Amino acid sequence: MKTEKPDIQKLWTLFKTCFIISACTFGGGMVIISMLQKKFVEDLHWIEQDEVMDMVAIAQSCPGVMAVNTSIIIGYRIAGLAGGLLTVLGTVTPPMIILTIISAFYVQFRSNLIVALILKGMQAGVAAVMINVTITMTRNVVQDGEILSWIMLIGACLAAVVFGIDIILILIVCGVIGGISTWIRYRSPAGNTGIDGSTDNQNQKNDREENSGK
């Protein structure tokens, strides 16, 4: 994974962004990841959407909190070791401070009606953010039009939602299938056919244009 030489401004932006997102986002790892994706991909343009999906898959497969794992990978990708250290510091510091304060007043917070109503209202916003990131990632997966991508997407959804299969196992299976597909594609004589029988549409289009010009 290629990294760039860090500078002070970029390192500060990494820390500040992760700190603010972690402090102001409620709803778990996927919500934080969606905010990281929006900031670093859509706003700052420091990484590509495809990279974010790879990072999420790696973070999900590793031990530990997914949001922290993803922030480490993003920070390292953008600014090397220093970036990884600062992003993880920015991600874990806000919840550590907040939980320390809440733990000191746990009984009061638990029985406070206002706090309960605020958290209840946040659930709608959390659901909207998760739907948004799901649509974005799904569009990126199926945009190549390959049948295999659709089969893996639908199969993974059924395995997780209907059959309750562990997400780690699903990621491993999808990774193995994707690796085999890529290997076969590059090993085939044409160099563009996958196990789903799809071909490079651009090459077909170029061939038709050459034939029509003769």
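All figures in this text were calculated on a predicted structure; none of them were measured in a lab. (Residues numbered from 1 in each chain as written. Predicted model: local features only at pLDDT ≥ 70, side-chain atom pairs only at ≥ 80, totals over all residues. Heavy atoms only, no water.)

(A) Main features of the packing of helix H3 (residues 49-61) against helix H8 (residues 167-187). Put simply, H3 and H8 touch, their axes get as near as 9 Å, and they point 130° apart. As judged from the angle between their axes, H3 and H8 are oblique. Between H3 and H8 lies a crossing whose hand is left-handed. Residues Ala 57, Gln 60 and Ser 61 of H3 form the contact with H8, whose own contacting residues are Ile 167, Ile 168 and Leu 171. (Axes fitted to C-alpha atoms, helices over the stretch in contact; angles between N-to-C directions. Helix = DSSP H or I, 4+ residues; strand = E, 2+ residues; numbered from the N terminus. Parallel < 35°, antiparallel > 145°, perpendicular 65-115°, else oblique. Left-handed = near helix turned anticlockwise from the far one by under 90°. Contact = heavy atoms within 4.5 Å.)

(B) Quick peek at the environment of Leu 119. With respect to the secondary-structure elements, Leu 119 resides in helix H6 (residues 113-142). Residue class for Leu 119 comes out partly exposed when judged on its relative accessible area of 44%. Once the C-alpha coordinates of Leu 119 and Phe 26 are considered, the two residues, 93 residues apart in sequence, prove to be 8.7 Å apart. (Buried < 20%, exposed > 50% of the residue type's maximum accessible area, 1.4 Å probe, protein only.)

(C) Layout of the pattern of salt bridges. With the rule as written, the count across this model stands at three salt bridges. Salt-bridge contacts for Arg 77 lead to Glu 51; the nearest nitrogen and oxygen are separated by 2.7 Å. Of the two residues, Arg 77 is situated in helix H4 (residues 66-104) and Glu 51 in helix H3; the sequence distance between them amounts to 26 residues. The class of Glu 51 is partly exposed, set by a relative accessible area of 21%. (Salt bridge = Lys/Arg side-chain N within 4 Å of Asp/Glu carboxyl O.)

(D) How the structure looks around the packing of aromatic side chains. As enumerated under the stated definition, the model contains three aromatic pairs in all. Ring plane angle 35° and centroid distance 5.8 Å describe the contact between Phe 15 and Phe 19, whose orientation is recorded as tilted. In this pair, Phe 15 and Phe 19 are both assigned in helix H1 (residues 8-24), four residues apart and thus about one turn of the helix distant. Its relative accessible area of 18% is what places Phe 15 among the buried residues. We classify Phe 19 as partly exposed; its relative accessible area is 30%. Directly above the aromatic system of Trp 46 lies the positively charged group of Lys 10, at a separation of 5.2 Å from the ring centroid. (Phe/Tyr/Trp six-rings, centres within 6.5 Å; stacked < 30°, edge-to-face > 60°. Lys NZ or Arg CZ within 6 Å of the ring centre and 35° of its normal.)

(E) Representation of H1 within the structure. Relative to the 24 Å expected for 17 residues at 1.5 Å per residue, H1 spans 24 Å between its end C-alpha atoms, a close match to the ideal helical length. Turning to H1, its buried residues are Lys 10, Leu 11, Thr 13, Leu 14, Phe 15, Thr 17, Cys 18, Ile 21 and Ser 22. Capping the start of H1, Asp 7 holds a side-chain oxygen 3.1 Å from the backbone nitrogen of Gln 9, two or three residues further along. (Expected span 1.5 Å × (residues − 1). Polar contact = N/O pair within 3.5 Å; in protein donor to acceptor, adjacent residues only side chain to side chain.)

(F) Expanded view of a nonpolar patch on the surface. A contiguous nonpolar patch, built from Trp 150, Ile 154, Leu 158, Val 161, Val 162, Phe 163, Ile 165, Leu 169 and Val 173 and spanning about 900 Å² of accessible area, is present on the exposed surface. Examining the composition of the nonpolar patch, we find that five residues originate from one element, helix H7 (residues 147-162), more than from any other. Examined against the element boundaries, Leu 169 turns out to sit in helix H8. (Patch = residues over 30% accessible without salt bridge, like charges linked within 9 Å, V, L, I, M, F, W, Y side chains within 5 Å. Areas by Shrake-Rupley, 256 points an atom, 1.4 Å probe, with all protein chains shown as cover.)

(G) Here's a closer look at H7. The end-to-end C-alpha distance of H7 is 22 Å, a good match for the 22 Å that 16 residues give at a rise of 1.5 Å each. When we look at burial in H7, the residues that qualify are Leu 148, Ser 149, Met 152 and Ala 159. The buried residues of H7 occupy an angular sector of 105° when projected down its axis, which confines them to one face. Across from the buried face of H7, at angles greater than 90 degrees, the exposed residues are Ile 147, Ile 151, Val 161 and Val 162. Residues of H7 that are buried in the fold lie against H6 and H8. Backbone geometry just after H7 places Gly 164 at a positive phi near 65°. (Arc of directions from axis to C-beta.)

(H) Inspection of the packing of H1 against H4 at higher detail. The geometry of H1 relative to H4 is characterised by a closest axis approach of 8 Å and an angle of 35° between their N-to-C directions. As for the relative orientation of H1 and H4, their crossing is right-handed in sense. Class assignment for the residues of the contact of H1 with H4 results in 14 nonpolar, eight polar and one charged. (Nonpolar A, V, L, I, M, F, W, Y, C, P; charged D, E, K, R; others polar.)

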